[in-house]
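Each chain is listed here by its residues.
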Amino acid sequence: MRLILIGFALGIAWLQQQAVLPGAFVLCALALLVACACLLAWLSTRDSALLSAIVLRRVRVASLFVAAFSVGFAYGAWRAQTRLQLALPAAFESRNIALTGFVRGLPSQGEQGTRFLFEVESNEAGLKNFPRVVQLSWLAIHAAKRDRAVAPPPSLWAGQRWTLVVRLKRPHGNANFRGRDAEAAMLARNVRATGYVSVPESARRLEGDAHGLALTIDRWRARLRGRVMSALVGEPHRGVIVALAVGAQDAVSDEDWTLLRATGTSHLVAISGLHIGFVAGLAALVSGWFWRKARWRGVPAPLIVSSQKAAAAGAAGFAAFYAALAGFNVPAQRALWMLSFVALAVLSGRRPASSLVLAWALALVLLVDPWAVTAAGFWLSFCAVAAILFAIASRGRWASTAIGEDFVMPAPDESAIDSAFEATGLADEIRPRRNVFDRLGATLALGAMRLRWRTRHAMRRLGRQIASSARIQYAITLALAPLTAYWFFQVPLIGPFANAFAIPWISFLVTPAVLLAVLLPAPLDVFAYRAAHALLVPLFDALAHLSGPAWTLWRLPQPDGFALCAALGGVMWALAPRGWPLRFAAPLTWLPLAFPPAHAPSSGTFRVTALDIGQGSSIVIETARHTLLFDAGPGPESTHAGERIVVPYLFAHGLTTLDTLMISHADSDHSGGAPAVLDSIHVRQFLASLKPKEPLWASARAQHSDALRCVAGQRWQWDGVAFDVLWPDPGPLAAKPNATSCVLKVTAASGRSALFAADIEADVERQLLQRDAAALRADVLLVPHHGSKTSSTEPFLDAVQPRVAVFQVGYLNRFHHPHPTVFERYRMRHIELSRSDEDGAARMELSFDVSIERFRQTHARYWMGR
């Protein structure tokens, strides 16, 4: 059964790696394969004179595994095709359309407005197969743009019915090498379009709210979140209390997230399997105690139904309640399915193996949500539990022996004293002389012996519990380290020590206080919330003290498939039972992960990666031993691309140090992400075309970077690759930042070159042509000013003569870049074009030739562009 369930899960996981969904022919072939596999499995149950029983069993198991894998693959394809049928027609993107529907989930409120899910009941265009769920933003800044007073969005909660005029676009996310797939996350949430309320003044609240169990739970969660926020106004860690109460993590501050990730304790902020397991255990104890005290018509309740079954039912019920508070995230689903399966087994009088329970939970989670495999929480949750079970199974013999010791340590009683007298041979002489004082002395001696035995027994049990907890923590840390390096590009070295006290502190102190507050009526819940927050303060202080030194966080590039599999194999090897051959050699399997091979360009060549950051620019230039980042994308004023995309990209590729950070000019879509880069990455040199009063100069110097202005004539060479700054000229900077953008040309030893033109416009292009048109010749051109109509003049393109041109533009951006005329100007010259809104990130290798890799082509998934 385990192999069947695992085969089903692997089939679903394999589908999520496909570039296109299987067609009718493939599905028919899968159906035929399933039929043949089932037939072969049935035939293997028959007696055969030619094959042994072992061979027949292996054939049967393999056939059932293949059948389950095929069924999982086909099921995932059917679910995907069904969900993708609901799509916004391309002709209706960025057009006003009136929708009628109701609010779902927990709306997220911020300074710029409110973001929420909207379930569509009807659309004014009468479109069929219209997206059922859209993600909307109700922005407070629209009124300000019309020179009116800023009108904040109304208070929204689940079930409210509205008619809204919105502008939508199809699901689209930034697509970068080793980056997060936002489109997969939207597909998993069934969000088939995103947009904003374009005409807020026409919004109309409808009578009669929508109803349903899910909406009732969402409304309750919203009320609880409101209670927490009002009870803890101004408190630094109130977002953590909100996350523990209702599973909403949007209120957790950036400072808290940074600290939790650096100490490996970020899993404690989510309502995960750890919290649900603790709550279920507490509920089982309370339910069992009440059941043992209960009576029905004079008959004790345990005589009707055993206390164990009542405790199991109570545990499953309360676990479902707490999972609903968490919004049924993947770790919560896993814990709930496992507890429900165990509860059903207890109620039916069975004792299933733990691995079978985990396999059922795995299959059920993917049955409900086939896209869960694209989320980090899925892998971290299931692998953590699998590591625990494997470690416990590996130590099973030792554990059973240790438990047996409990029964060979009886506490001494009075007969033990008499036995001691008999052993001396003086029992007949001593017994008649006993008086009251002798009996008192014997009683005291007996009490002392009992105390000594019980203390020794308690200390041994405590030691075993500590050793067991240490083994479990060791197994979790070891198992999750490769996955943490894969998903988050880091391994917190102090994670085991931080979790050693953070887990019991959160589980036994903070979480019960939060649950008590959830169950208490107002205003009594305020005191419980404040008590929970007061308990968090010393914990975060201790974590901040632990995370101080830089060595506590080990940065690693994202491992490839071989390194990841080797490390996970080493984990199983290290956790194997005692006596397993060559267990001491298990750390050798981590060498590919800890010391990955270098993928830098060879000497004299360079690599250019134009990141997909939306409307903005950020380009990574790598030589054999040096790295330059040309612009850092938008910052907090827009999409936080510097923090969300640029810094993670650098970490994922092992680029923890930048030799030069070059900011071409002061526009926020080029310079906004620079503070995030300076805070996270060691920058040796900061080169920019900024006015002296710009805060970035002070930020760079504060990080001990050499700061200097970018001017024409600067030249240096790295690893046989030449770097030349062509613009701007020395002297005072112009009032318009675009006119003083840094223009950089990079030339390989073979003569192949790339020109980075930033946001220069036609007047600068003319000046460059007059100065030295031949110096502009390049094989790769990063298109000036995102392809606006004020740049990329024909004389400029004729001078550059690029073979490849890259447009860094946002999907359906408000500037309508690139301009159709300019784009056609490039196309008519037969230049190979790449657009970040269509191709994602573009990577070019310049050696003796020029090669280009487009992310959405080489890493295509069936949901991209749909």
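This one's a predicted model, so the numbers in the text were calculated from it and none came from an experiment. (Residues numbered from 1 in each chain as written. Predicted model: local features only at pLDDT ≥ 70, side-chain atom pairs only at ≥ 80, totals over all residues. Heavy atoms only, no water.)

Caption draft 1: Broad picture of the overall build of the protein chain. Along its length, the protein chain carries 31 helices and 25 strands. With the principal axes as the frame, the protein chain shows a C-alpha extent of 125 × 75 × 60 Å. Expressed as a percentage of contacts within the protein chain between residues at least 6 apart in sequence, the contacts between residues at least 24 apart total 69%. Summed over all atoms, the accessible surface of the protein chain reaches about 41900 Å², with 62% contributed by carbon and sulfur. Measuring between centres, the 85 positive side-chain charges of the protein chain sit 9 Å from its 61 negative side-chain charges. (Helix = DSSP H or I, 4+ residues; strand = E, 2+ residues; numbered from the N terminus. Contact = heavy atoms within 4.5 Å. Areas by Shrake-Rupley, 256 points an atom, 1.4 Å probe, with all protein chains shown as cover. Lys, Arg positive; Asp, Glu negative; His and termini not counted. Charge placed at Lys NZ, Arg CZ, Asp CG, Glu CD.)

Caption draft 2: Expanded view of the packing of aromatic side chains. This structure, assessed with the given rule, holds 20 aromatic pairs. Here F341 and W360 contribute two aromatic rings whose centre-to-centre distance is 5.8 Å and whose plane-to-plane angle is 25 degrees, an arrangement assigned as stacked. Of this pair, F341 sits in helix α12 (residues 330-347) while W360 sits in helix α13 (residues 354-368), placing them 19 residues apart in sequence. On the accessibility criterion, F341 (22% relative accessible area) is partly exposed. Pairing F686 with W697 gives two aromatic rings, centres 5.5 Å apart and planes at 90 degrees, and the pair type is edge-to-face. Residue F686 is found in strand β15 (residues 682-688), and its partner W697 is found in helix α26 (residues 695-702); the two are separated by 11 residues along the sequence. The burial state of F686 is the same as that of W697; both residues are buried. One aromatic cluster in this structure is built from F8, Y75 and W78. In this structure, R843 packs its charged tip against the face of F177, placed 4.0 Å from the ring centre. (Phe/Tyr/Trp six-rings, centres within 6.5 Å; stacked < 30°, edge-to-face > 60°. Buried < 20%, exposed > 50% of the residue type's maximum accessible area, 1.4 Å probe, protein only. Lys NZ or Arg CZ within 6 Å of the ring centre and 35° of its normal.)

Caption draft 3: View of the packing of helix α8 (residues 254-262) against helix α20 (residues 524-546). Where α8 contacts α20, the axes come no closer than 10 Å and their chain directions differ by 60 degrees. The orientation of α8 with respect to α20, classified from their angle, is oblique. α20 is crossed by α8, and the crossing has left-handed handedness. Counted together, D256, L259 and L260 of α8 and F540, L543 and A544 of α20 form the full contact between these two elements. Of the residues assigned to the contact of α8 with α20, the class counts are 5 nonpolar, no polar and 1 charged. (Axes fitted to C-alpha atoms, helices over the stretch in contact; angles between N-to-C directions. Parallel < 35°, antiparallel > 145°, perpendicular 65-115°, else oblique. Left-handed = near helix turned anticlockwise from the far one by under 90°. Nonpolar A, V, L, I, M, F, W, Y, C, P; charged D, E, K, R; others polar.)

Caption draft 4: Geometry of unusual backbone geometry. Here the residue pair A522 and P523 is connected by a cis peptide bond, since its omega of 0 degrees sits within 30 degrees of zero. Tracing the sequence through the fold places P523 in the loop between α19 (495-519) and α20. Backbone torsion omega between W727 and P728 reads 10 degrees, so that peptide bond is classified as cis. Not every positive phi belongs to a glycine, and N129 is a case in point at roughly 55 degrees.

Caption draft 5: Just the state of the cysteines, in detail. One pass over the full model with this rule turns up 1 disulfide. Here C710 connects covalently by a disulfide to C742, the sulfurs 2.4 Å from one another. Placement of C710 in the loop between β16 (706-709) and β17 (715-718) and of C742 in the loop between β18 (721-727) and β19 (743-747) is noted, with a sequence separation of 32 residues between them. Its sulfur unpaired, C383 is 11 Å from the next cysteine sulfur, which belongs to C565. When its relative accessible area of 25% is taken as the criterion, C383 is described as partly exposed. Judged by relative accessible area, C565 falls into the exposed class, the value being 55%. (Disulfide = S-S within 2.5 Å.)

Caption draft 6: Broad picture of the sheet that holds strand β20 (residues 753-756). Spatially, the 7 strands line up as an open sheet ordered β17-β18-β19-β20-β21-β22-β23, and their pairing is mixed. The sheet is open, and its two borders are formed by β17 and β23 (832-835), each paired with just one other strand. Sheet twist, expressed as the average angle between the axes of neighbouring strands with direction ignored, equals 15 degrees. Against the sheet, helix α27 (residues 762-772) contacts β18 and β19, and its axis sits at roughly 120 degrees relative to β18. In the packing of helix α29 (residues 820-828) onto the sheet, contacts are made with β21 (780-782), β22 (804-807) and β23, and the angle to β23 comes to roughly 145 degrees. (Pairing = 2+ DSSP bridges.)

Caption draft 7: Main features of α20. Taking 1.5 Å of rise per residue, the 23 residues of α20 would be expected to cover 33 Å, and the 35 Å separating its terminal C-alpha atoms lies within 8% of that figure. Of the residues making up α20, those classed as buried are D525, V526, A528, Y529, A532, H533, L536, L539, F540 and L543. If you follow the buried residues of α20, they end up packed against α6 (213-231), α7 (238-246), α8 and α19. (Expected span 1.5 Å × (residues − 1).)

Caption draft 8: Representation of empty space enclosed by the protein. All told, the structure shown has 3 cavities of 30 Å³ or more when counted by the stated rule. The calculated volume of the largest cavity comes to roughly 90 Å³. Lining the largest cavity are 15 residues; nearest its centre among them are S617, A758, L782, V783 and Q808. Counted by class, the lining of the largest cavity contains 8 nonpolar, 6 polar and 1 charged residues. (1 Å grid on protein atoms, 1.4 Å probe; cavity = no way out; pocket = protein on both sides within 12 Å on 5 of 7 lines; lining within 4 Å. Points joined across faces, edges and corners; volume = space filled by probe spheres on them.)

Caption draft 9: Structural view of the sheet that holds strand β12 (residues 619-622). Pairing within the open sheet is mixed, and its 8 strands lie in the order β16-β15-β14-β13-β12-β11-β24-β25. The two strands at the open ends of the sheet, each matched to only one other strand, are β16 and β25 (850-854). Adjacent strand axes in the sheet meet at a mean angle of 15 degrees when their direction is disregarded. Here strand β24 (residues 842-846) pairs with β25 via 5 bridges, running antiparallel. Across the sheet, residue E845 finds its bridge partner in β25, namely S851.

Caption draft 10: Broad picture of the side chain of N123. In this fold, N123 is placed in strand β2 (residues 113-123). At 2.8 Å, the side chain of N123 forms a polar contact with the backbone nitrogen of G126. Looking at N123, its side chain comes within polar contact range of the main-chain nitrogen of L127, at 2.8 Å. Excluding its chain neighbours within four sequence positions, the residues that come into contact with N123 are I97, A98, L99 and F130. (Polar contact = N/O pair within 3.5 Å; in protein donor to acceptor, adjacent residues only side chain to side chain.)

Caption draft 11: Here's a closer look at the nonpolar core. Membership of the largest hydrophobic core comes to 51 residues, with the highest contact counts inside it found for I241, I276, V510, V514, Y529 and L536. The set of elements that each furnish at least two residues to this core consists of α6, α7, α8, α9 (273-293), α11 (307-325), α12, α19 and α20. It is α19 that contributes the most residues to this core, 10 residues altogether. The contacts of I276, once residues within four sequence positions are left out, are I271, A319, Y322, A323, A332, A335 and L339. Counting 47 residues, the second largest nonpolar core, distinct from the first, contains F73, L611, V683 and Y862. (Core = buried A, V, L, I, M, F, W, Y, C linked by side-chain atoms within 4.5 Å.)

Caption draft 12: Quick peek at a nonpolar patch on the surface. Taken together, L282, L285, V286, W289 and F290 make up a surface patch of nonpolar side chains, about 520 Å² in accessible area. Locating L285 in the fold gives a position in helix α9. (Patch = residues over 30% accessible without salt bridge, like charges linked within 9 Å, V, L, I, M, F, W, Y side chains within 5 Å. Salt bridge = Lys/Arg side-chain N within 4 Å of Asp/Glu carboxyl O.)

Caption draft 13: α29, seen in detail. By the burial criterion, the buried members of α29 are V822, R825 and Y826. Down the axis of α29, the sector holding all buried residues measures 95 degrees, keeping them to one side. Residues of α29 that are exposed and angled more than 90 degrees away from the buried face: P820 and M828. Elements that come into contact with the buried residues of α29 comprise β21, α28 (794-800), β22 and β23. (Arc of directions from axis to C-beta.)

Caption draft 14: The arrangement of the pattern of salt bridges in detail. Following the criterion strictly, the structure yields 24 salt bridges and no others. Taking the shortest distance from any N to any O, the salt bridge between E183 and R856 comes out at 2.7 Å. On the criterion of sequence distance, the pair formed by E183 in helix α5 (residues 182-188) and R856 in helix α31 (residues 855-858) is long-range, its members being 673 residues apart. A single burial state applies to E183 and to R856, both of which are buried.

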